[in-house]
Amino acid sequence: MTRILAPIRTVFFTSVVILQFFTILSAQETEVEIKVTLDPRPSANVRVILPRPASTGGRSPLWFLDSYGSETGLSKRVSDILLFDRSGTLVRRQDLRPLERIDVADYGEIRYSVELTPRQGQFSEAHISVLRDDTGQLMLDDILPQGIAKAVKLKVDAPAGWRVIHTEIETQPGAIEIEDHQRSVIYLGSGIRVHDLRSGGARIKLAISGEWQFTDADAAEMVRSVFAQYEKIFGKVAAPILTVRLQKLVSVSGFGAWEADTRGRNVTISSTDMPFKSQSLQRLHEQLRHEIFHLWVPNGLNLTGSYDWFYEGFALYLSLKAGVAANRIRFDDYLDTLSRAYSIDLIRPSRLSLIEASRERWKASNTDIYARGMLVAFLCDLSLLERSKGKISVGDVLRRAYERHGVSKSSMDGNEAIVSLLREFAELRPIVDRYIAGSEPIDLEAAVKTAGLVYDKSMLRVVAKPSGGQRDLLEKLGYNSWRKLSEGKR
Ligand SMILES: [Zn+2]
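What comes next concerns the included structure. All figures in this text were calculated on a predicted structure; none of them were measured in a lab.

Our focus in this paragraph is the overall build of the protein chain. Scanning the protein chain for helices and strands turns up 15 helices and 23 strands. For a compact globule of 490 residues, the expected C-alpha radius of gyration is about 23 Å, and the protein chain comes in at 25 Å, within 12% of that figure. Dimensions of the protein chain along its principal axes, counting C-alpha atoms only, are 80 × 65 × 45 Å. Buried residues in the protein chain amount to 38% of all 490 residues. When contacts within the protein chain are restricted to residue pairs at least 6 apart in sequence, long-range pairs at least 24 apart make up 66% of them.

Structure follows, in structure tokens:
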């Protein structure tokens, strides 16, 4: 076996080396300058110096991102497009229709302006580029044209007194080397407090603005502990520098609203506060548990396509379990959340499979994916724990996905990779067939029996007298840590 494999690996390695050699010979990076201004309105004035195309005569179309998640019409924010030839002479002015492609084969530079006035609705506050009076975020994917190379050299000119925060390499002050601009976020502002944290091999920049019920030190400790919890499950995160950005949500008043985005190595949380410190910390822990999970899954995976059911459903489930393990939520809250997901799944109007629903996520079925995805993760956990007598849980499956499909591994279709990974466990095959690839109603009552749980009056609860085996399973789900906590409080 080894003999057959060895020559193939050698050939592959050689071809990779040759490929890189040619790339370096013809490489010339795209250079970008962004001047951020508030006057007369919040905007980014962008200058993109294009590398000379590798071959002449071909078309080089560029266009601008028009929608992200539920936000649409983004390309309408782009105006005043000027095209220059390679000697720097202005040769064309262009107005842009949404989704229009501009052929830049003969040009050396493109300049334009992107309006960054905050939009209505809380989704936009964490997911697209916006600029407020004293802070802002540049999601480079919606600022730079689509169709350029991933790597860019960037200079940001921010208003006087503003800091520029990012996770990229700065070769000299102000010269930022961006590896993949579509996964890059630049935070900037005058009132951002940056705390440098370390966990395992990673450096985490915690960038906070606004006043909260909790202190910056509380938040820093929490980021560190949540991060360490996931490092135990997954192992080290592939990225050396990460940012967690915590800012106030402004489009919604009142308590408890939040919106978050984890892109590349950057977690953006836009949130309102809670009435009391304990609730505020509780909420922050919930946000961090969900978003920091995404630094590994899906952001640390080299998987493509819409497999949102997996990374959202399993994020919700694992973060729920992590909340119980960290004594942040009670086992009752864990059961309560799963019960609510079940009632959502019972009445969902669409009968799409999870894989189909993930493709349609932003059209209608976002809640379905979260609810059903989480229930499926729970069912997987139950089956794995039951079959392995508590030795294998859903965390082990996630770790295997991370080890097998990490960013250094070759790219694969996400649904294919995850479904085949789950199918390696015989006990998970019926779950895949019935609830992931199929769209059968979930039979929760039957699934929870062996764990000593019953579904009764729309609620999951622990049976009155769990057997020894049931108690072992309950403990693996976190039941014991809740019991210890409530005994400690008495
Ligand atoms: Zn998520």
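With that settled, consider the packing of helix H10 (residues 394-404) against helix H11 (residues 414-423). One can describe the packing of H10 onto H11 by two numbers: an axis separation of 11 Å at closest approach and a directional angle of 135 degrees. Taken as axis vectors, H10 and H11 run oblique relative to one another. With respect to the hand of their crossing, H10 and H11 are arranged in right-handed fashion. Across from Val397, Arg400 and Ala401 in H10, the residues of H11 making contact are Ile418, Leu421 and Leu422. In terms of residue class, the contact of H10 with H11 is built from 5 nonpolar, no polar and 1 charged.

With mixed pairing, 8 strands are arranged side by side in an open sheet as S5-S4-S7-S2-S1-S10-S13-S12. Looking along the sheet, the strands with just one partner apiece sit at the ends: strand S5 (90-94) and strand S12 (169-172). The mean inter-strand angle of the sheet, taken between neighbouring strand axes irrespective of direction, is 25 degrees. Where strand S10 (residues 152-157) and strand S13 (residues 175-178) come together, 3 bridges link them in antiparallel fashion. In the strand pairing of S13, lysine 153 is matched with glutamate 177.

By the element assignment, aspartate 261 lies in strand S18 (residues 258-263). Owing to 22 C-beta atoms within 10 Å, aspartate 261 belongs among the buried residues under this scheme. On a C-alpha basis, the gap between aspartate 261 and isoleucine 128 in space is 9.4 Å, while along the polypeptide they are 133 residues apart. With near-sequence residues (within four places) excluded, aspartate 261 lies in contact with Ala126, His127 and Thr268.

This paragraph deals with the sheet that holds S18. Strand order in this open sheet of 5 strands is S15-S16-S17-S19-S18, and the pairing throughout is mixed. The strands lining the two open edges of the sheet, one partner per strand, are strand S15 (193-199) and S18. On average, adjacent strands in this sheet sit at an angle of 15 degrees to one another, irrespective of strand direction. Here 6 bridges tie strand S16 (residues 202-208) to strand S17 (residues 241-248), and the two strands are oriented parallel to one another. Bridge assignment links isoleucine 204 to a residue of S17, and that residue is leucine 242. Where helix H5 (residues 277-296) meets the sheet, it contacts S17, S18 and strand S19 (266-271), and its direction lies at approximately 20 degrees from that of S18.

Basis of the calculations
- Residues numbered from 1 in each chain as written.
- Predicted model: local features only at pLDDT ≥ 70, side-chain atom pairs only at ≥ 80, totals over all residues.
- Helix = DSSP H or I, 4+ residues; strand = E, 2+ residues; numbered from the N terminus.
- Rg over C-alpha atoms; globule rule 2.2 N^0.38 Å.
- Buried ≥ 20, exposed ≤ 12 C-beta atoms within 10 Å, placed from the backbone.
- Contact = placed C-beta atoms within 7 Å.
- Axes fitted to C-alpha atoms, helices over the stretch in contact; angles between N-to-C directions.
- Parallel < 35°, antiparallel > 145°, perpendicular 65-115°, else oblique.
- Left-handed = near helix turned anticlockwise from the far one by under 90°.
- Nonpolar A, V, L, I, M, F, W, Y, C, P; charged D, E, K, R; others polar.
- Pairing = 2+ DSSP bridges.

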